[in-house]
Amino acid sequence: MIKACIFDLDGTLLNTIPTISYYCNKTLTEFGFETIDPEEYKYLVGNGAKLLVERMIDRVGADKEKFFDKMFKFYNKEYDKNVSYLTKPYDGIPELLTELKTMNIKNCVLSNKPDFAANEAVKTFLGDLIDLTHGGRDGVALKPSTEGLEEILFETGCTPDECIYIGDTSVDMQTGTSAGIYTIGVLWGFRKRDELEEAKADAIVSSPDEILQMVKGRDN
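Residues numbered from 1 in each chain as written. Predicted model: local features only at pLDDT ≥ 70, side-chain atom pairs only at ≥ 80, totals over all residues. Heavy atoms only, no water.

**Re the packing of aromatic side chains**
Where we set the bar: Between the rings of Phe, Tyr and Trp (Trp by its six-membered ring), a pair exists once the centres lie within 6.5 Å; its type follows the angle of the planes, with under 30 degrees stacked, over 60 edge-to-face, and the other angles tilted. Secondary structure counts use DSSP, requiring at least four H or I residues in a row for a helix and at least two E residues in a row for a strand, with both numbered from the N terminus.
Going through the model one piece at a time under the given rule, you end up with eight aromatic pairs. Between Phe 31 and Phe 74, the ring centres sit 5.9 Å apart and the planes meet at 90°, which makes this aromatic pair edge-to-face. In this pair, Phe 31 is assigned in the loop between α1 (17-30) and α2 (49-60) and Phe 74 in helix α3 (residues 64-81), connecting sequence segments 43 residues apart. With a centroid separation of 5.3 Å and 10° between ring planes, the pair formed by Phe 68 and Phe 72 is classed as stacked.

**Section: the packing of α1 against α3**
The condition is simple: Here an angle of 0 to 180 degrees is reported between the N-to-C directions of two axes, which are lines fitted to C-alpha atoms, with helices fitted over the stretch in contact. Small angles under 35 degrees read as roughly parallel and large ones over 145 as roughly antiparallel, with 65 to 115 read as roughly perpendicular and the rest as oblique. Take the far helix as the reference: if the near one is turned anticlockwise from it by less than a right angle, the crossing is left-handed, and if turned clockwise, right-handed. Any two residues whose heavy atoms approach within 4.5 Å are treated as being in contact. Residues are grouped as follows: Ala, Val, Leu, Ile, Met, Phe, Trp, Tyr, Cys and Pro are nonpolar; Asp, Glu, Lys and Arg are charged; every other residue, Gly included, is polar.
With their axes 9 Å apart at the nearest point, α1 and α3 run at an angle of 135° to one another. Classified by the angle their axes make, α1 and α3 are oblique. In this structure, α1 crosses over α3, and the sense of that crossing is right-handed. Two secondary-structure elements touch here, α1 through Thr 19, Ile 20, Tyr 23, Cys 24, Lys 26, Thr 27, Leu 28 and Glu 30 and α3 through Met 71, Phe 74, Tyr 75, Glu 78 and Tyr 79. Considering only residue class, the contact of α1 with α3 consists of eight nonpolar, two polar and three charged.

**Brief notes about the layout of surface pockets**
Stated precisely, the cut-off is as follows: Buried and open spaces are told apart on a 1 Å grid over the protein atoms alone, a cavity being a set of points where a 1.4 Å probe fits but cannot get out and a pocket being an open set with protein on both sides within 12 Å along at least five of seven lines. Residues with an atom within 4 Å of a point are the lining residues. Grid points are joined across faces, edges and corners, and a volume is the space filled by probe spheres set on the points.
Computed from the structure, the largest pocket encloses a volume of approximately 360 Å³. Ala 49, Lys 50, Phe 72, Pro 114 and Gly 136 are the residues nearest the centre of the largest pocket, which is lined by 16 residues in total. Contributing elements (two or more residues each) for the lining of the largest pocket: α2, α3, β4 (106-114) and α5 (115-125). Its residues assigned to classes, the lining of the largest pocket comprises six nonpolar, five polar and five charged.

**What to know about the packing of α2 against α3**
Two elements in contact, α2 and α3, have axes whose closest approach is 10 Å; the angle formed by their N-to-C orientations is 130°. It follows that α2 is oblique to α3 by the angle criterion. For the element pair α2 and α3, the recorded crossing hand is right-handed. When α2 is examined against α3, the residues Ala 49, Lys 50, Leu 52, Val 53, Glu 54, Met 56, Ile 57 and Asp 58 are found in contact with a partner set consisting of Lys 64, Phe 67, Phe 68, Met 71, Phe 72, Tyr 75 and Asn 76. Here the residues of the contact of α2 with α3 are counted per class, giving ten nonpolar, one polar and four charged.

**Things to note about the state of the cysteines**
Here a disulfide denotes a covalent bond joining the sulfur atom of one cysteine to the sulfur atom of another. Our working definition: We call a pair of cysteine sulfur atoms a disulfide when they lie within 2.5 Å. Burial classes follow relative accessibility: with a 1.4 Å probe on protein chains only, a residue under 20% of its type's maximum area counts as buried, one over 50% as exposed, and anything between as partly exposed.
By the definition in use, this model includes zero disulfides. The thiol sulfur of Cys 108 is not disulfide-bonded, and the nearest other cysteine sulfur, from Cys 158, lies at 7.2 Å. Residue Cys 108 is classed as buried on the basis of its relative accessible area of 0%. Cys 163 provides the cysteine sulfur closest to Cys 158, a residue in no disulfide bond, and the two sulfurs are 4.4 Å apart. Given a relative accessible area of 9%, Cys 158 falls into the buried group.

**Regarding the sheet that holds strand β7 (residues 182-186)**
Cut-off, in case you're wondering: A pair of strands is labelled paired if DSSP reports no fewer than 2 bridges between them.
Spatial strand order, β5-β4-β1-β6-β7-β8: six strands in an open sheet with parallel pairing. Each end of this open sheet is capped by a strand with a single partner; those strands are β5 (132-136) and β8 (203-205). Taking each pair of neighbouring strands and ignoring which way they run, the sheet shows an average axis angle of 20°. Where β7 meets β8, three bridges bridge the pair, whose relative direction is parallel. When the bridges of β8 are listed, Ile 184 appears paired with Ala 203.

**What to know about unusual backbone geometry**
Geometrically, the link from Lys 143 to Pro 144 is a cis peptide bond, its omega value of 15° lying close to zero. Turning to its location among the elements, Pro 144 is positioned in the loop between β5 and α6 (147-156). Positive phi, close to 60°, is recorded for Asn 104, a residue that is not glycine. Owing to a relative accessible area of 70%, Asn 104 belongs among the exposed residues under this scheme.

Encoded structure:
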């Protein structure tokens, strides 16, 4: 029986690329660099804010040693002022989460986004549809480490076979698989089918309703 669905956040529940690209490009402009096409950020994100800023600096050919600390501080300060700017849930996500809750399934979020930003975004757009949110925190290794996922299992009292892990990148599939959890890769997020297939997702879906049907199928 499935007792919990654990979701990635950016690219899975919320479309945050417009937000991320806005604040990253604002940072680049602030320090005198050309901006990056928003579509490119889909491949710069996924491993936390520090690596995002590092990749952004590399992409524009800036001196990382000279600029990283200043740009990382500016990016986080600007982002934290309004983490919800330009963000919105993907179509069908609120309905999926609502239906899962009616089935007494816990909806959890595990994100590499900084913890404050992850919780603020969930609170703003998904509210009480999410039971537990963990973003990136000091002392807890980011995905693909299973450390954060294991915390969620402990806090929900669930075993791996009572959960499903849903995400949009190879990092997500690796995280879920390493923890022994059935993984679902989504195609509306930041990466394409070939990445999810190479990461050996247990299933790949193109709509939230397919997730619901899979949960019901595994719940029998």
